Amino acid sequence: MSSSRAEEMEIHGSNTIGAVLAPMLVEGFLNSRGNESVQTLGNGKHNEQLLIGSQSGAPLRILVAAHGSSTGFKALKAKRADIWASSRPVKPTEVEQMAERANLEDLESEHVIAIDGLAVLVHSSNLINQLSIDTLASIFSGEVRNWSEVGGADRPINLYARDDRSGTWDTFKSLVLGNAYPLHASAKRYESNDQLSDDVSADPGGIGFSGLASIRNSKVLAISDGEAPALKPSVLTVASEDYPLSRRLFMYTSGDATKILAKDFIEFVLGAEGQSLVSKSGFVSQNPLAVKPDLAGSTPSSFKLLTQNYNRLTVNFRFSEGRTKLDNKAKRDLFRVADYLSRENREADDLMLIGFADQQTNELRAQIISELRALSVRKALSNLGVHDVRYTGYGHYMPVGMSGGTSGEKRNGRVEVWVRNR
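Since this is a predicted model, take the numbers as computed values, not measurements.

Using the criterion set out here, one finds 26 salt bridges in the structure. The closest approach of N and O atoms between E344 and R343, which form a salt bridge, is 3.9 Å. On the basis of relative accessible area, R343 is assigned to the partly exposed category, the value being 49%. What you see here is one network of salt bridges that share partners, running through E241, D242, R248, R312, R318, D327, R414 and E416.

This is the structure in structure tokens:
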């Protein structure tokens, strides 16, 4: 630990996480350790908070500094931070820079703490209700300059975007603009999600994007990707990551080198109590819920028949590489599904796993891949004592995103979890 540090634990990084969520989690963590009264103070620096509890009679000081995801990595690398809060995944270059201390892609270092959806915001009077990702890119790059070009009123479009240090911006750039579209120079840039949303809600020509917790008085648009139906961000669509602008919020630690206090904090955050606070903060918890899905009109009748006596759990299993290796979030979600069954007094026989594949060269290949995915989750659940869960594959039908490439493989290649109605 750097000798210049005065705090027992420091969390640096994303404003999306650090503005409200991280302080709530720190306070909840301190309360869980017997601290009945936790002080929250400013330290004289913008977007920084100091939370003070006690430990063995001595003050326990935890700093939350929220200046953007990239600043958190630099602080972790420089050993000024114990935890890096990030609203984007670690970059390959960052993995390389930390390789001697820890593998930031390992389960011990990479922690998905919540799911967020990038909400696309417009003024409440805007006639537009949905946009495709491609149209969104055309708007933010300045190719489309008037709302009338996309079916709205004859009014110039005003752009609002997060600043370059923001993980929210990194996510929007990655999911919407890509390498093909630069952000138009006229866009107003913001360090704060809330301020951006407030300004959009006051501008009839405005359009911007923020985290789900910062929708406030703006109108939210439904977003479509490829041939998949347009979806609005909701608890189910975001928690399952079916919504095309959903994203994971992370905390990264230095593996085995992480101090005990920070490890205990991460375990609290990932547990049921911490995830309940995630939900209260306005983000989407990873605690599974059973939800009656609003199936799109294009849903095949065979799928409606298959699921007619079931609700859907707000969890999808996704894969890190190949077709059957579960990613870090999925490995945690196995325990969450097992805990859900125990908590709700349900049996393994109440579950049904439905696997899906990205677009393949023929139906048989897609069917085999989708069944193998469901089978891999079934085997993993069996290792936790949840035996003989029924499973099936649904091939490459019902995509939730554009087919092909890494994105299609990760988004469409999934296993949904359904639970029988009582």
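Going through the model one piece at a time under the given rule, you end up with 14 aromatic pairs. Ring geometry for F140 and F172: centres 4.8 Å apart, planes at 65°, overall edge-to-face. Linking F140 in helix α5 (residues 133–140) with F172 in helix α6 (residues 167–177), this pair joins segments that are 32 residues apart in sequence. Neither residue differs from the other here; F140 and F172 are each classed as buried.

One open sheet accounts for 5 strands, arranged β15-β16-β21-β19-β20; its pairing is mixed. Edge positions in the sheet fall to β15 (290–291) and β20 (390–393), since each has one partner strand and no second. Pairing between strand β16 (residues 310–317) and strand β21 (residues 414–420): 5 bridges, direction antiparallel. Its bridge partner lying in β21, N311 is registered against V419. The strands touched by helix α12 (residues 328–343) within the sheet are β15, β16, β19 (351–356) and β21, with β16 carrying the most contacts at an inclination of about 150°. Sheet strands in contact with helix α13 (residues 363–382) are β16, β19, β20 and β21, and its direction is about 160° off that of β20.

What follows concerns the environment of E416. Residue position: E416 is located in strand β21. Judged by relative accessible area, E416 falls into the buried class, the value being 3%. Sequence separation between E416 and L313 is 103 residues, and the spatial gap between their C-alpha atoms is 7.7 Å. At 3.4 Å, the side chain of E416 forms a polar contact with the side chain of R414.

A word on unusual backbone geometry. With phi around 60°, N47 is a residue other than glycine that occupies positive phi space. Within the secondary structure, N47 sits in the loop between β2 (39–42) and β3 (48–55). At R216, a residue that is not glycine, the phi angle is positive and equals roughly 55°. Relative to the assigned elements, R216 resides in the loop between β11 (206–210) and β12 (219–220).

The interhelical angle for the contact between helix α9 (residues 260–270) and helix α10 (residues 272–280), taken along N-to-C directions, is 65°, at an axis separation of 4 Å. If you check the angle between α9 and α10, you find them roughly perpendicular. Mapping the contact onto sequence places F268, V269 and L270 in α9 and A272, E273, G274, Q275 and L277 in α10.

What follows is about α5. In terms of burial, α5 is a largely internal element, 6 of the 8 residues being buried. Those residues of α5 that fall on the buried side of the exposure criterion are I133, L136, A137, S138, I139 and F140. On the buried face of α5, the contacting elements are β7 (119–122), β8 (130–132), β9 (158–162), α6, β11 and β13 (222–224). Just downstream of α5 lies G142, where phi reads positive at about 90°.

Attention shifts here to the sheet that holds strand β14 (residues 246–252). As summarised here, the arrangement of the 7 strands in space is β2-β3-β4-β1-β5-β14-β6, forming an open sheet in which the pairing is mixed. At either end of the open sheet lies a strand with only one pairing partner, and these are β2 and β6 (110–117). Neighbour-to-neighbour, the strand axes of the sheet open up by a mean angle of 20°, direction not taken into account. Strand direction decides the pairing type here: strand β1 (residues 9–13) and strand β4 (residues 58–66), joined by 5 bridges, are parallel. If you follow E10 over to β4, its bridge partner there is L63. On top of the sheet, helix α2 (residues 21–32) reaches β1, β3, β4, β6 and β14; it is set at about 160° to β4, its chief contact. Packed onto the sheet, α9 meets β1, β3, β4, β5 (83–86), β6 and β14 and runs at close to 40° relative to β6.

Criteria and thresholds
- Residues numbered from 1 in each chain as written.
- Predicted model: local features only at pLDDT ≥ 70, side-chain atom pairs only at ≥ 80, totals over all residues.
- Heavy atoms only, no water.
- Salt bridge = Lys/Arg side-chain N within 4 Å of Asp/Glu carboxyl O.
- Buried < 20%, exposed > 50% of the residue type's maximum accessible area, 1.4 Å probe, protein only.
- Phe/Tyr/Trp six-rings, centres within 6.5 Å; stacked < 30°, edge-to-face > 60°.
- Helix = DSSP H or I, 4+ residues; strand = E, 2+ residues; numbered from the N terminus.
- Pairing = 2+ DSSP bridges.
- Contact = heavy atoms within 4.5 Å.
- Axes fitted to C-alpha atoms, helices over the stretch in contact; angles between N-to-C directions.
- Polar contact = N/O pair within 3.5 Å; in protein donor to acceptor, adjacent residues only side chain to side chain.
- Parallel < 35°, antiparallel > 145°, perpendicular 65-115°, else oblique.

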